[in-house]
Amino acid sequence: MKIDIEKIIAKVTPWLEKFKRYMVFSFILGFLLIYSFLVLRINLLISSEPSQDDYNSRLHNVQRPKIDKNALNKIQSLQDQHIQVQALFKQARDNPFSE
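Residues numbered from 1 in each chain as written. Predicted model: local features only at pLDDT ≥ 70, side-chain atom pairs only at ≥ 80, totals over all residues. Heavy atoms only, no water.

Enquirer: So what exactly am I meant to see when it comes to the overall build of the protein here?
Expert: When helices and strands are tallied, the protein shows five helices and zero strands. Beginning at the N terminus, the succession of helices and strands in the protein can be written as α-α-α-α-α. In terms of overall dimensions, the protein is more spread out than a globule: its C-alpha atoms have a radius of gyration of 35 Å, far above the 13 Å expected for 99 residues. For the protein, the spread of C-alpha atoms along the three principal axes comes to 100 × 45 × 35 Å. Put simply, the protein has 99 residues, and 0% of those count as buried. Here the protein displays about 10,600 Å² of accessible surface, and carbon together with sulfur accounts for 63% of that area. Separation between the mean location of the 14 positive side-chain charges and that of the 10 negative ones in the protein comes to 7 Å. (Helix = DSSP H or I, 4+ residues; strand = E, 2+ residues; numbered from the N terminus. Rg over C-alpha atoms; globule rule 2.2 N^0.38 Å. Buried < 20%, exposed > 50% of the residue type's maximum accessible area, 1.4 Å probe, protein only. Areas by Shrake-Rupley, 256 points an atom, 1.4 Å probe, with all protein chains shown as cover. Lys, Arg positive; Asp, Glu negative; His and termini not counted. Charge placed at Lys NZ, Arg CZ, Asp CG, Glu CD.)

Enquirer: Sorry if this is basic, but what is going on with the confidence of the model for the protein here?
Expert: Per-residue confidence for the protein gives a mean pLDDT of 83, with 92% of residues at or over 70. Per-residue pLDDT, averaged within each element of the protein, yields its smallest value for helix α5 (residues 83–94) (72) and its largest for helix α2 (residues 23–47) (94). (pLDDT = per-residue confidence, 0-100.)

Enquirer: How do you make sense of the packing of aromatic side chains when you look at a structure like this?
Expert: The description of an aromatic ring pair uses the distance of the two centres, along with the angle that the planes make with each other. For the coordinates displayed, the defined rule picks out one aromatic pair. Ring plane angle 20° and centroid distance 6.3 Å describe the contact between F31 and Y35, whose orientation is recorded as stacked. With F31 and Y35 both in helix α2, this residue pair falls four residues apart, about one helical turn. (Phe/Tyr/Trp six-rings, centres within 6.5 Å; stacked < 30°, edge-to-face > 60°.)

Enquirer: Mind showing me how you'd approach a nonpolar patch on the surface here?
Expert: A grouping of V24, F27, I28, F31, L32, Y35 and V39 is seen on the molecular surface, where their side chains present a nonpolar patch of about 760 Å² in accessible area. Among the structural elements, I28 can be located in helix α2. (Patch = residues over 30% accessible without salt bridge, like charges linked within 9 Å, V, L, I, M, F, W, Y side chains within 5 Å. Salt bridge = Lys/Arg side-chain N within 4 Å of Asp/Glu carboxyl O.)

Enquirer: Please clarify how the environment of I75 should be interpreted in this entry.
Expert: For I75, the position within the fold is in helix α4 (residues 69–81). Overall, the relative accessible area of 54% leaves I75 in the exposed class. I75 sits 15 residues away from K90 along the chain, and the two C-alpha atoms are 16 Å apart.

Right, here's the structure in full:
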């Protein structure tokens, strides 16, 4: 069984001529189909909301930061004792964009 390339080319040539005629139309149609699929998929993903179970499972996994009371009291006492630091805090509150 010998394959003759010339016979294959002779059979494929009419199909290629027809395809060349509609190539631009096929490309535009394919592009519009892909674009409409993406728009519909994005719309579906945007409008979907998580279920209550998903929400609860994510909420239980969140770890809330804990502040050490001793460290907080120490920082506040140091802030109250140092007058220069209080002046810097006041100046920063009054004009936050100064250098």
